[in-house]
Amino acid sequence: MKIIVVNEDITKMDVDAVVNAAKNSLRGGSGVDGAIHKAAGPHLLSECMTLGGCETGKAVITGGYDLPAKYVIHTVGPVWNGGGDNEAELLAGCYRNSLALAREHDLHSVAFPAISTGIYGYPADQAADIAVDTVIGMAGDLPEDFEVWLTAFNDETRQLYLDRLRARLGDSGDDTFRVP
């Protein structure tokens, strides 16, 4: 498996699926959620309305509609309440459940945003640790040619991902890491 770190607009990425940091209702919102709904067009919301929402830490999949990605995997990250409300396990569940859906649907590339680090207030450094550790931990369950794209919305988040990946996998010389 490869992990690639980029600072790109997730709505323009040509991957099998983009992960949406969704609200429980799956009806769109602000940040990544609003951007994905806007770029995908109205059919995404129509399909989301049939799903009955999504629990925090879980994931559901829909079509990608007007996005370059074929699918959208919606996952609901936890709101940061200081760390005492099981936030770390819920956030790890977002990554695990999204990757399990990707495997179930025979996908080979998924782009993740920095789940819960925007309006939900999860500390970016802790969220980066959870994202990297969970993705690396899932490597054995995914095809060897699987690609996980960690998309950063700013240079600070991008650097957090790179630092954590280099600490766990060694310096790759660029922004792409092979998980043994």
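For the structure itself, look to the data block above.
An account of the accompanying structure is given in this report.

Conventions used here
- Residues numbered from 1 in each chain as written.
- Predicted model: local features only at pLDDT ≥ 70, side-chain atom pairs only at ≥ 80, totals over all residues.
- Heavy atoms only, no water.
- Helix = DSSP H or I, 4+ residues; strand = E, 2+ residues; numbered from the N terminus.
- Rg over C-alpha atoms; globule rule 2.2 N^0.38 Å.
- Buried < 20%, exposed > 50% of the residue type's maximum accessible area, 1.4 Å probe, protein only.
- Contact = heavy atoms within 4.5 Å.
- Salt bridge = Lys/Arg side-chain N within 4 Å of Asp/Glu carboxyl O.
- Axes fitted to C-alpha atoms, helices over the stretch in contact; angles between N-to-C directions.
- Left-handed = near helix turned anticlockwise from the far one by under 90°.
- Nonpolar A, V, L, I, M, F, W, Y, C, P; charged D, E, K, R; others polar.
- Pairing = 2+ DSSP bridges.
- Expected span 1.5 Å × (residues − 1).
- Polar contact = N/O pair within 3.5 Å; in protein donor to acceptor, adjacent residues only side chain to side chain.

**As for the overall build of the chain**
At step 1: What the chain contains, in helices and strands, is five helices and seven strands.
At step 2: For the chain, the α and β elements follow one another from N to C terminus as β-β-α-α-β-β-α-β-α-β-α-β.
At step 3: Over its C-alpha trace the chain gives a radius of gyration of 15 Å, about what one expects of a compact globule, namely 16 Å for 180 residues.
At step 4: Each principal axis of the C-alpha distribution contributes one length, and for the chain these read about 45 × 35 × 30 Å.
At step 5: Within the chain, the proportion of its 180 residues that are buried is 48%.
At step 6: Once local pairs closer than 6 in sequence are excluded, the contacts in the chain between residues at least 24 apart make up 68%.

**Side note on the pattern of salt bridges**
At step 1: A full pass over the atoms with the stated rule returns nine salt bridges.
At step 2: Note that Glu 147 and Lys 2 form a salt bridge whose closest N and O atoms lie 3.5 Å from each other. Here Glu 147, found in strand E6 (residues 147-151), pairs with Lys 2, found in strand E1 (residues 2-6); they are 145 residues apart in sequence, far enough to count as distant.
At step 3: Several salt bridges share partner residues, and in doing so they unite Asp 129, Asp 133, Arg 164 and Arg 168 into one network.

**Observations concerning the packing of helix H3 (residues 87-104) against helix H4 (residues 124-138)**
At step 1: The N-to-C vectors of H3 and H4 enclose an angle of 35 degrees; their axes lie 9 Å apart at closest approach. Seen along the crossing, H3 lies across H4 with a hand that is right-handed. In this structure, H3 uses Ala 88, Leu 91, Ala 92, Tyr 95, Arg 96, Leu 99, Ala 100 and Arg 103 to contact H4, whose residues at the interface are Ala 127, Ile 130, Ala 131, Thr 134, Val 135 and Met 138.
At step 2: Of the residues that constitute the contact of H3 with H4, the class distribution is eleven nonpolar, one polar and two charged.

**Remarks on the sheet that holds strand E3 (residues 59-63)**
Strands in a sheet are paired, the pairing made by backbone hydrogen bonds, and the direction either parallel or antiparallel.
At step 1: One open sheet holds the seven strands; their spatial order is E3-E4-E2-E5-E6-E1-E7, and the pairing between them is mixed. The sheet is open, and its two edges are formed by E3 and strand E7 (176-178), each paired on a single side. Looking at each pair of strands side by side, their axes are set apart by 20 degrees on average, direction ignored.
At step 2: Note that strand E2 (residues 17-21) and strand E4 (residues 71-75) share five bridges and pair parallel. From the neighbouring strand, Val 19 faces E4, where its bridge partner is Ile 73.
At step 3: Those strands touched by helix H1 (residues 31-40) are E2 and E4, and its axis lies near 135 degrees from that of E2.

**Considerations on H4**
At step 1: Taking 1.5 Å per residue, 15 residues should reach 21 Å; H4 reaches 21 Å between its end C-alpha atoms and fits that length.
At step 2: The complete set of buried residues in H4 reads Ala 127, Ala 128, Ile 130, Ala 131, Val 132, Thr 134, Val 135 and Met 138.
At step 3: Structurally, H4 contributes buried residues whose contacts are with E1, H3, E6 and helix H5 (155-169).

**Re the environment of Leu 150**
At step 1: As for its position among the elements, Leu 150 is in strand E6.
At step 2: Taking relative accessible area as the criterion, Leu 150 reaches 0% and is therefore assigned buried.
At step 3: A sequence separation of 20 residues divides Leu 150 from Gly 170, and the C-alpha atoms of the two residues are 17 Å apart.
At step 4: Discounting residues that sit within four places of it in the chain, Leu 150 has contacts with Ile 3, Ile 4, Val 5, Val 6, Phe 112, Val 132, Tyr 161 and Leu 165.

**Remarks on the side chain of Asn 20**
At step 1: Mapped onto the secondary structure, Asn 20 falls in strand E2.
At step 2: At 3.2 Å, the side chain of Asn 20 forms a polar contact with the side chain of His 74.

Fair warning: the whole summary comes from geometry, so function is off the table for now.
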